[in-house]
Amino acid sequence: MLDGDPIEAAEALIASGKADEAARALRERLAAGRGGLLARLTLIKALLASDAKQDALAQARDAVSLNPDIAVAVLALGEALLAVEALPTAIAELQRALRLDPGLTRARELIAAAWLAAGEADKALENLRELDDPPAAMVAAAEAIKTSPRSDPGYVRHLFDQFSADYDNRMLGQLSYAAPQILLDLAGMVMPGRESLSILDLGCGTGLAGAAFKPLAARLDGVDLSPAMIEKARARQIYDHLQVSDLETALGTPGRCYDLILAADTLVYLGDLKPVFAAAPARLSPDGYFLFTVEKAEDGGFELGPKRRWRHSETYLRRLAREAGLTVAGLVSAATRSEANQPVEGFAVALAR
């Protein structure tokens, strides 16, 4: 029950950490037909504060259905979509709210937050510059993405969530993706006859590399940043365990040791590979191997290419392997994919513990 002004009472409950109580009272009020748009918007706020994100989204959709041209209703829908990480749809709704009310600075700030969550620093900064007093923490986060020696995890997740629906057709058809077979051939060269292996597939995606290596596996685990890609991999029913995680985090966390760690077309989203190389030995069995592909850089280090994929030089890879105590068992030139019908130069590498 909300005494006095029901909206003020609900706001006070939310502010005091009693968002669940506010949500219950507002639901009752709306069910009794005694609340309008403001009550519904406050309910959405209470549901978001209590982490009932899907409920908040359902209420926001209802609010927009009833008030399609009211900017604050559309804003609430955009905020709820952002909360459930539906980033492209959230951005579209927030931009619609701004078109309805160009002075709605909250919409502009949330658009910047959505682009930031997607790892799109330039787009986030573009919107932050439109604010009179942009949040310093958001500006700093965007600048940090721009100077990071790896692709932002949010960008990678967003990218592959978007691509998941037709990823296999796109990769195998348009881009002539061959990394799994190239690594399988390399494994046959450096570890001939090995089978019944415990295998970790880093950046497993939809499971293309996992499918190629499954005949050699006694156990096959996969890690990927994208929940949508993990669901596609799960549908193959070839993995013993799948985990949504950043590969640096997953590899650097103490856990099971593997006979073989794979990273097919995955390290192209990391510039500085030192954390990966440093963590790999602890997750490899005594006679284990780390097999991966990269795109080729011409200088002695790493660089970001025009497609926002990192490139690495042979000199750099050999140096990091030596520093990590790993032996280069094989390093061959390989074109794992094509761009504009031209093969992309790279390397397939096998490191032994």
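The text that follows walks through the structure, step by step, so that each part is easy to find.

A short note on unusual backbone geometry
Here the phi dihedral of Asp51 falls at roughly 65 degrees; this positive angle occurs in a residue that is not glycine. Considering the arrangement of structural elements, one finds Asp51 in the loop between α3 (37-49) and α4 (53-66). Positive phi values are uncommon outside glycine, yet Arg308 reaches one of about 60 degrees. Positionally, Arg308 belongs in the loop between β6 (302-304) and β7 (310-312). Residue class for Arg308 comes out partly exposed when judged on its relative accessible area of 32%.

Considerations on helix α8 (residues 121-128)
Regarding α8, the residues found buried are Ala121, Ala124, Leu125, Asn127 and Leu128. Down the axis of α8, the buried set is contained in an arc of 160 degrees. They therefore lie on one face. Buried-residue contacts for α8 involve α7 (105-117) and α9 (136-147).

Quick word on the layout of surface pockets
As a volume, the largest pocket reaches approximately 580 Å³. Around the largest pocket, the lining comprises 36 residues; the ones closest to its centre are Leu159, Phe160, Asp265, Tyr269 and Arg309. When residues of the lining of the largest pocket are traced back to their parent elements, those giving at least two are α10 (153-163), α11 (167-174), α13 (208-213) and β2 (217-224). Sort the elements by how many residues they give to the lining of the largest pocket and α10 lands first, with five residues. Residue classes in the lining of the largest pocket are distributed as 19 nonpolar, seven polar and ten charged.

Description of helix α17 (residues 314-323)
Among all positions of α17, only Tyr316, Leu317, Leu320 and Ala321 are buried. For α17, the arc enclosing every buried residue in end-on projection is 130 degrees, short of the 170-degree limit, so these residues lie on one face. Away from the buried face of α17 by more than 90 degrees, exposed residues Thr315 and Arg322 are located. Backbone geometry just after α17 places Gly325 at a positive phi near 75 degrees.

Considering the pattern of salt bridges
Per the stated rule, a full pass over the model turns up 24 salt bridges. With a shortest N-O distance of 3.7 Å, Asp161 and Arg157 are connected by a salt bridge. Separated by four residues within a single helix, Asp161 and Arg157 lie in helix α10, roughly one turn from each other. According to the relative accessible area criterion, Arg157 is partly exposed, its value standing at 26%. For Lys296, the salt bridge goes to Glu345, with nearest N and O atoms at 3.9 Å. Of this pair, Lys296 sits in strand β5 (residues 284-296) while Glu345 sits in the loop between β10 (342-343) and β11 (346-352); the two residues are 49 residues apart in sequence, bridging distant segments of the chain. Its relative accessible area of 28% is what places Lys296 among the partly exposed residues. The class of Glu345 is exposed, set by a relative accessible area of 53%.

Here is what the cut-offs are and how they apply
Residues numbered from 1 in each chain as written. Predicted model: local features only at pLDDT ≥ 70, side-chain atom pairs only at ≥ 80, totals over all residues. Heavy atoms only, no water. Helix = DSSP H or I, 4+ residues; strand = E, 2+ residues; numbered from the N terminus. Buried < 20%, exposed > 50% of the residue type's maximum accessible area, 1.4 Å probe, protein only. Arc of directions from axis to C-beta. Contact = heavy atoms within 4.5 Å. 1 Å grid on protein atoms, 1.4 Å probe; cavity = no way out; pocket = protein on both sides within 12 Å on 5 of 7 lines; lining within 4 Å. Points joined across faces, edges and corners; volume = space filled by probe spheres on them. Nonpolar A, V, L, I, M, F, W, Y, C, P; charged D, E, K, R; others polar. Salt bridge = Lys/Arg side-chain N within 4 Å of Asp/Glu carboxyl O.

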